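Residue strings, one per chain:
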Amino acid sequence: MLKKILCICLALLLTACKPVGDVMTSSNAYSLLCSTGTPAISLLSIINSEHSIDISEDINVIGEAFDKADYDFVIAPINLGVNKSVSSGNYLLLSVVSYGTYNLVSTDSTLNKGNVLAMNKNGVIKDVLEYLKQTDLRKYDFEWCNSMYDIEYNFNNSGTVAAVVDEVSYNYLSSALGRELFKIEDINVDYEYQSHYDQIPEYGMFVRKEIAEKDQANLASFAKTLKTNIALYKTDKTTFNKVLNDSDISKIGFDSRELISESYNYCGLDFVYAVNDYDKISFVLSLSESTVPETIIVK
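Below, the structure is looked at part by part.

Reading the values: rules and limits
- Residues numbered from 1 in each chain as written.
- Predicted model: local features only at pLDDT ≥ 70, side-chain atom pairs only at ≥ 80, totals over all residues.
- Heavy atoms only, no water.
- Helix = DSSP H or I, 4+ residues; strand = E, 2+ residues; numbered from the N terminus.
- Rg over C-alpha atoms; globule rule 2.2 N^0.38 Å.
- Buried < 20%, exposed > 50% of the residue type's maximum accessible area, 1.4 Å probe, protein only.
- Contact = heavy atoms within 4.5 Å.
- Arc of directions from axis to C-beta.
- Polar contact = N/O pair within 3.5 Å; in protein donor to acceptor, adjacent residues only side chain to side chain.
- Phe/Tyr/Trp six-rings, centres within 6.5 Å; stacked < 30°, edge-to-face > 60°.
- Lys, Arg positive; Asp, Glu negative; His and termini not counted.
- Salt bridge = Lys/Arg side-chain N within 4 Å of Asp/Glu carboxyl O.
- Pairing = 2+ DSSP bridges.
- Axes fitted to C-alpha atoms, helices over the stretch in contact; angles between N-to-C directions.

What follows covers the overall build of the chain. If you tally the helices and strands in the chain, you get 13 helices and 13 strands. For 299 residues, the compact-globule estimate of 2.2 N^0.38 gives 19 Å, and the chain sits close to it at 19 Å. For the chain, the C-alpha atoms occupy an extent of roughly 60 × 40 × 30 Å along the three principal directions. For the chain, buried positions account for 53% of its 299 residues. Within the chain, contacts between residues at least 6 apart in sequence are counted, and of these 74% link residues at least 24 apart.

Structure (structure tokens):
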């Protein structure tokens, strides 16, 4: 199916897609539910399009969406999405839209052990940290927080504090706290050394099964839009800045254009078809003893 989609993309690129300002949009309107934070930035190019976007930080809302099948696309933690796609039978995994970019950071530049705050307990980062705790992170104990605001509160009201955060959260914390945070440990480097995989697939885009099977032309156009623009914005900063300034970023859950701008090239955004990233996805899910049936991958 993926080969068909890619071929259709070439035919549709000049007809089904048209420039709106500097944003390429597809000819069919879709509804999307997306987890808050980094993965939502992947939707920057379609904020001003005909597509509707809902953002949620509630993991229960994201999970329930797979059962209800009210949205055409759900962007979710890849472990949650795979497991819910298997159990519900309503969605297929189209692509990875963001990879983990985690660092252990602290107010103490000499930190080498102790308690460390973390968030996204329901995501793959929990499994990654437990995996690395056997080796590189064995001197650290992890305490799970509900949100970035809980981590920020601890930094503001405690002495030495350490946390595992992604690039967007790191930039947010540094700005909010107004003081330097030291990067003590690069989780991605540790992960690559131990697993021999150079990326941590973190959030996936899941498409309603009916669309993947019966609406391949419009799906191809939509996928091409996202993939093209995510790559474009990393190199063409004139276009990126125009789109960023012209877009209502509250629609993707952000209130700071500066945060998006300084994080964009370094927060793991990408659009890689799941069929081409199957081994990486399978390995990170194996850390929680989960499997990825090939039947839920868009081919």
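Considered for burial, the residues of helix α8 (residues 187-195) that qualify are I187, N188, D190, Y191 and S195. Along the long axis of α8, the arc covered by the buried residues comes to 160°, so they all point the same way. If you follow the buried residues of α8, they end up packed against β7 (103-106), α5 (124-132), β10 (162-165), β11 (182-186) and α13 (278-286). Its side-chain oxygen placed 3.0 Å from the backbone nitrogen of N188, D186 serves as the N-cap of α8. One or two steps after α8, the chain reaches H196, where phi turns positive at roughly 70°.

It is worth spelling out the packing of aromatic side chains at this point. By the definition in use, this model includes 14 aromatic pairs. Note on F66 and Y91: the rings are 5.2 Å apart at their centroids and 70° apart in plane angle, and the pair reads as edge-to-face. With F66 in helix α3 (residues 59-68) and Y91 in strand β6 (residues 91-99), this pair connects stretches of sequence that are 25 residues apart. For the pair formed by F66 and Y91, the shared burial category is buried. A network of ring pairs unites the aromatic residues Y131, Y191, Y197 and F283 as a single cluster.

So, on to the side chain of D127. Take D127: it is sitting in helix α5. For the buried D127, no salt bridge exists, and the shortest N-O distance to an oppositely charged side chain is 5.1 Å, to K126. When neighbours within four sequence positions are excluded, D127 is seen to be in contact with N79, L287 and S288.

On to the sheet that holds strand β13 (residues 269-273). Strands sit in the order β4-β3-β5-β12-β6-β13 across an open sheet of six strands; the sheet is mixed. Edge positions in the open sheet fall to β4 (52-56) and β13, since each of these has one partner strand only. Ignoring strand direction, the axes of neighbouring strands in this sheet form an average angle of 25°. Relative to β4, strand β3 (residues 31-35) is paired through five bridges, and the arrangement is parallel. Note that in β4 the partner of S35 across the bridge is S56. Packed onto the sheet, α3 meets β3, β4, β5 (73-77), β6 and β12 (201-208) and runs at close to 130° relative to β5.

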